[in-house]
Amino acid sequence: MKNEIIRIGHGSGAGLTNELIKEVFVKNFKLQSLEDGVEIENRTVVSTDAHVVNPLFFPGGDIGKLAISGTVNDVSMKGAIPKYILITYIIEEGFEISELKKITNSVQKEAEKANVKIIAGDTKVVEKGKADGLYLTTTGIGYLPKGVNLNSKKIKNGNKILINGTLGDHTISIINAREKMELSPAPKSDCASLNELVQVMLKNGNIKFLRDITRGGLATILNEVANDTQLGIIIDEENIPIKENVNAVSELLGLDPLYLANEGKLVSFIDGDENKLIEEMKKNEFGKDSAIIGKVTDEVKGVYIRTSIGGLRPLIMQDSDPLPRIC
Amino acid sequence: MNTKNFRNPQLINNLVEKIKQYKEPISLMEVCGSHTMAIGKWGIRNLLPNNIKLISGPGCPVCVTPMSIIDALLDLKDVTIAIFGDLMRVPGENGSLELAKAKGLDVKIVYSPIDALKLAEKKETVFVGIGFETTIPGIAYTIKQAYEKNIKNFSVLTSLKTVPPALKLLSSDEDINLDGYILPGHVSVIIGKDAYNFLPKDYNIGGVVTGFEPADILSAIARMIQQVKNNDPKIENEYSRIVTNKGNITAQKIINEVLEPTDGIFRGIGIIPDSELKIREKYSAFDAEKKYNIKIEYKEDKSGCRCGDVLKGNIIPPTCPLFGEICTPSNPIGPCMVSSEGSCSAYYKYERIM
Ligand code: SF4
């Protein structure tokens, strides 16, 4: 690896992160897969996740809600039903206990909503300046219903690509809150537990593969899938739901919503007819804007996007987080 | 403003058909990096016939910022360095701010110059003010604010460039064969359409000021074709919804009050007469060059990077032997691969065949 120290880009979820995981972790731990959740034994799925976000409170959620929904989603993307959560707090000296209570309250509220139990945890306090207020890590445990087996290897030519709603909301809401851009109305994070939606999808469609669209955004996931499967992908810009205000801020800052993190969005590869599936998804709180956005095809190698004016261009894997530009 | 109309497929299709009727080879330079990006992002090149060549120009502030600015920043101690995000990964002679940050240098990304001024409330702050006319008024305003509020621990390291002198250089270079310019929309909001009148007058070459929507860019191309066909070079304004003949007088006033023209160093290109704006004597307490005794000079890039040729339109990025193999956005060799407005980055992102 070039420039042998950790840079912020190594945490972007994009190319640099993959490189780091492969070079350091996969080699040492002899991992089978790079996925967030993994099936261990007796149809048990576990997943773990660390949560660092600045600011801790943002429109649409806070770090507590995020810690639960993030792990619930990681477990759910295997098709499993999440049941239990373990949580660790790393708290910076000087942190307000009232805030800690507020955050913990929202941990519990989201856990109830997602129907998971918090069963154990740990607390550490570090010296002032050694952490950014509060970090949370969560580990989730869930069970895989009979017959469910989702895997990128099951994706085939002709499969359709579906997402459950608008892209970029979470990142733009965080930037707005952190940089005090004072957009009005303030864009809201999409932070949500998708376990119910996933079960609706499994019941009503022929789902091959699921992924939550977090760091690195949709573009990174599609490239990973194209890489893993050696299949081509074309998506249609026209059909990708993006909110007007998210689009406007992204354009202003030179960011592309297709590379931005979401906290309540998933992408799914499906076979066969999608009408019933989408109809049922739209009945779920977090599936209202579900849409088919593209397909798996042998017309291209890699990932391409048809722009809304008809141009066709590659949609590449980026190495690192996009940086906001001069404005 | 509703941008939807400028993305209407029917309108786009009509424009493309009109452009396709012209069969002669024609080379147009889009001066501004945001145009380069928009062309890539919309897949416009892919819609146009092969005889229409779009060449990217020097309008990428990060790309032309002298290497010695990066090197000087890496040597600053005990200050907060406030930058626009684009600058983070730009390589200097001894590494980038991103690497230095990972090793402990206090570098913060800001979204506006005023945000940098706020940082000075906590700690001595040096803001790296780079940009063309679009960004310059905000930077000048911030310096004025610092002066009026007498904020002592704030200064600006500037590399502020103006577009017309760069166009003069390009237009007088005999190796560069252009049939016309696609002129920058946002810059023109400030300087006005008339600022380009010297192009047809002195160099017999025309241009169209335009915006960043697909229809804007395609109409500009169609209009340039018409000019070439009629052998009638002139400056046209396709962006009259926000660009006027004289520009934004208030913004020009504040620029003039705080800054004065001098010769400018363009990374990869060299010295361009009268192309730079420097902080005036009255405000010199806020000039980081003076405060920290920094010397900005032209340095040859020894890395083999060909940004200079890219910025002048001599080569397109894939022609650079380092492109995509050795030089990528996360390990950039030159600034054109870093900036979101850089041509190499635009080509890497949008125009590579997989
Ligand atoms: S590809 Fe890299 S090295 Fe080559 S000109 Fe562009 S920035 Fe410079």
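Our subject is the structure that appears above.
Residues numbered from 1 in each chain as written. Chains lettered and ligands numbered in written order. Predicted model: local features only at pLDDT ≥ 70, side-chain atom pairs only at ≥ 80, totals over all residues. Heavy atoms only, no water.

I'd like to hear about the packing of aromatic side chains, residue by residue, with values.
To describe a pair of aromatic rings, one takes the distance between the centres and the angle between the planes. Summed over the entire model, instances satisfying the criterion amount to 8 aromatic pairs over all chains. Taken together, the ring pairs connect B:Tyr147, B:Tyr283 and B:Phe286 into an aromatic cluster. A cation over an aromatic ring shows up here: A:Lys102 above the ring of A:Phe57, its NZ or CZ 4.8 Å from the ring centre. Lying across the ring of B:Trp42, B:Lys41 places its NZ or CZ 4.9 Å from the centre. (Phe/Tyr/Trp six-rings, centres within 6.5 Å; stacked < 30°, edge-to-face > 60°. Lys NZ or Arg CZ within 6 Å of the ring centre and 35° of its normal.)

How would you summarise the pattern of salt bridges if you had to cite specific residues and measurements?
Side chains that differ in sign of charge can pair as their charged atoms come close. All names here are of chain A. Considering all chains together, one arrives at 36 salt bridges over all chains under this definition. With a closest N to O distance of 2.8 Å, Glu-274 and Lys-160 form a salt bridge. With Glu-274 in the loop between strand E11 (266-271) and helix H8 (275-283) and Lys-160 in strand E8 (residues 160-163), this pair connects stretches of sequence that are 114 residues apart. Accessibility expressed as a relative area gives 15% for Glu-274, which makes it buried. Since its relative accessible area comes to 28%, Lys-160 is described here as partly exposed. The closest approach of N and O atoms between Glu-179 and Arg-178, which form a salt bridge, is 3.2 Å. Using a relative accessible area of 35% as the deciding quantity, one classes Arg-178 as partly exposed. (Salt bridge = Lys/Arg side-chain N within 4 Å of Asp/Glu carboxyl O. Helix = DSSP H or I, 4+ residues; strand = E, 2+ residues; numbered from the N terminus. Buried < 20%, exposed > 50% of the residue type's maximum accessible area, 1.4 Å probe, protein only.)

Describe in detail helix H6 (residues 217-229) of chain A, supporting the description with residues and values.
Residues and elements named next belong to chain A. Across its 13 residues, H6 extends 19 Å between first and last C-alpha, which sits within 8% of the 18 Å expected from 1.5 Å per residue. Along H6, 11 of the 13 residues are buried, which leaves the element largely enclosed by surrounding structure. The complete set of buried residues in H6 reads Gly-217, Leu-218, Ala-219, Thr-220, Ile-221, Leu-222, Asn-223, Glu-224, Val-225, Ala-226 and Thr-229. Where H6 ends, the next residue or the one after it, Gln-230, has phi of about 60°, a positive value. (Expected span 1.5 Å × (residues − 1).)

Can you break down the sheet that holds strand E3 (residues 80-83) of chain B residue by residue, with the values?
Where strands meet in a sheet, backbone hydrogen bonds hold them as pairs that are either parallel or antiparallel. Residues and elements named next belong to chain B. Reading across the sheet, the 6 strands line up as E4-E3-E5-E6-E11-E10 and stay open at both edges, with mixed pairing between neighbours. Two strands lie at the open edges of the sheet, namely strand E4 (107-109) and strand E10 (259-266), each paired on one side alone. Averaged over all neighbouring strand pairs, the angle between strand axes comes to 25°, with direction disregarded. As paired strands, E10 and strand E11 (residues 270-279) are joined by 7 bridges and run antiparallel to one another. Counted as the bridge partner of Leu-259 is Ile-279 from E11. (Pairing = 2+ DSSP bridges. Axes fitted to C-alpha atoms, helices over the stretch in contact; angles between N-to-C directions.)

Give me the lowdown on the sheet that holds E11(A), citing residues and values where you can.
Residues and elements named next belong to chain A. If you trace the 7 strands from one edge of the open sheet to the other, you get E9-E11-E8-E12-E10-E13-E14, paired in mixed fashion. The strands lining the two open edges of the sheet, one partner per strand, are strand E9 (206-212) and strand E14 (312-314). When strand polarity is set aside, the average angle formed by the axes of neighbouring strands in this sheet is 25°. Pairing geometry for E8 and strand E12 (residues 291-297), over 4 bridges, is antiparallel. From the neighbouring strand, Ile-161 faces E12, where its bridge partner is Gly-294.

Before we move on, could you go through the site of the ligand and cite the residues and values that matter?
Residue and element names in this part refer to chain B. Close contacts around the ligand come from Cys-305, Arg-306, Cys-307, Cys-320, Leu-322, Phe-323, Cys-327, Ile-333, Gly-334, Cys-336, Met-337 and Cys-344, and that covers them all. With respect to the detected pockets, the ligand is housed in the second largest cavity. Partitioning the shell around the ligand into residue classes produces 10 nonpolar, 1 polar and 1 charged. (Near = heavy atom within 4 Å. 1 Å grid on protein atoms, 1.4 Å probe; cavity = no way out; pocket = protein on both sides within 12 Å on 5 of 7 lines; lining within 4 Å. Sits in = over half its atoms within 2 Å of the grid points. Nonpolar A, V, L, I, M, F, W, Y, C, P; charged D, E, K, R; others polar.)

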